[in-house]
Amino acid sequence: MQPVFTGVADAPAAPCVAVVVDVMRAFTVAAWAFRRGAERIVFAGTLEEALELKARHPGWLAVQDGEPVPGFDLANSPGRLRSHDLRGRTLVQKTTAGTVGALAVARARLLLCASFVVAGATAEVLRRARPETVAFVVTGDGGRAEEDLACAQYIAERARAGGARPDPGPYLDRARRSHAAARLSDGVRRGLRGVHAEDVAMCLEADAFPFAMTAIREDGRLVLRPVEPGGPPSPPPA
Ligand SMILES: O=C(O)[C@H](CS(=O)(=O)O)OP(=O)(O)O
Ligand SMILES: [Mg+2]
């Protein structure tokens, strides 16, 4: 498996296999939403589109990053989201980096969205799929986000190592020292409502969950669901 690391702007539009990485915080939040029982997450391209989707589907919950916006239900914060019971719910998510990155490679044949909490399961899906090349999309900071690149490299190394588990410590240390971690800590100090004091720590829990997350196009939307490595294969894209 040959890993290629790219930013969103340079990502191939229709790679065979893409892993879109957003550690802080979109895909840590998405994983926690599934952990709390959410059934699926629909990615929206704009805030307006997210609110339109929510309006058309009573019961759907809208998630957005930054400070709270009227009409949205949940912050893009694992620390805030984890106290919600999301059993059976559909979420609509719109964030600055993660969801934009996923939508940029929506035509990939296998599209995984990843962060440290699902890194091990993501690597296992890749190991079983045995692709020749994997495009890792680093979503943060114009493709230079250290937390996303470190997570991508950890997943690639884990997939290459087969059953062995490389030490996640050095990769997590890089993410802990990232600009994104500093921005979130600063947000906590300033009392921003869109962040939680535990967000950074929750984004740095390697391999916390046994599932990966695959995105599939359904009815013109990109929809994310949890998938167990070795479970039934995802249906091919329409
Ligand atoms: O909510 C977040 O942590 C970020 C905001 S930004 O990209 O740092 O401005 O969004 P995400 O899409 O989750 O990276
Ligand atoms: Mg990010």
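Structure first, text after, so check above.
Residues numbered from 1 in each chain as written. Chains lettered and ligands numbered in written order. Predicted model: local features only at pLDDT ≥ 70, side-chain atom pairs only at ≥ 80, totals over all residues. Heavy atoms only, no water.

(A) Summary view of the nonpolar core. L91 and F116 are the most contacted members of the largest nonpolar core, which has 72 residues in total. Here this core takes 8 residues from helix α1 (residues 26-35), the largest share from any one element. Listed in part, the 9 residues of the second largest apolar core include W60, A62, F72 and V223. (Core = buried A, V, L, I, M, F, W, Y, C linked by side-chain atoms within 4.5 Å. Buried < 20%, exposed > 50% of the residue type's maximum accessible area, 1.4 Å probe, protein only. Helix = DSSP H or I, 4+ residues; strand = E, 2+ residues; numbered from the N terminus.)

(B) Summary view of the pairing of strand β9 (residues 212-218). Burial analysis of β9 places 5 of its 7 residues in the buried class, the great majority of the element. Relative to strand β10 (residues 221-227), β9 runs antiparallel, the two being bridged by 7 bridges. Each bridged residue has a counterpart across the sheet, and for R217 the counterpart in β10 is L222. (Pairing = 2+ DSSP bridges.)

(C) Looking closely at the site of ligand 1. D22, M24, R25, A26, D65, N76, T95, T96, A97, G98 and R183 make up every residue found near ligand 1. With respect to ligand 1, the side chain of D22 contributes an N or O atom lying 2.8 Å from an oxygen atom. With respect to ligand 1, the backbone of T96 contributes an N or O atom lying 3.4 Å from an oxygen atom. When ligand 1 is considered free in solution it has 360 Å² of accessible area, and contact with the protein chains removes 80% of it. Looking at side-chain class alone, the shell around ligand 1 contains 3 nonpolar, 4 polar and 4 charged residues. (Near = heavy atom within 4 Å. Polar contact = N/O pair within 3.5 Å; in protein donor to acceptor, adjacent residues only side chain to side chain. Areas by Shrake-Rupley, 256 points an atom, 1.4 Å probe, with all protein chains shown as cover. Nonpolar A, V, L, I, M, F, W, Y, C, P; charged D, E, K, R; others polar.)

(D) Fine view of the pairing of strand β2 (residues 17-21). Most of β2 sits out of view: 5 of its 5 residues are buried. Here 5 bridges tie β2 to strand β7 (residues 110-114), and the two strands are oriented parallel to one another. The residue bridging V21 from the neighbouring strand is A114, located in β7. Looking at chain direction, β2 and strand β8 (residues 133-138) are connected through 4 bridges and run parallel. Looking across to β8, one finds that A18 is bridged to A135.

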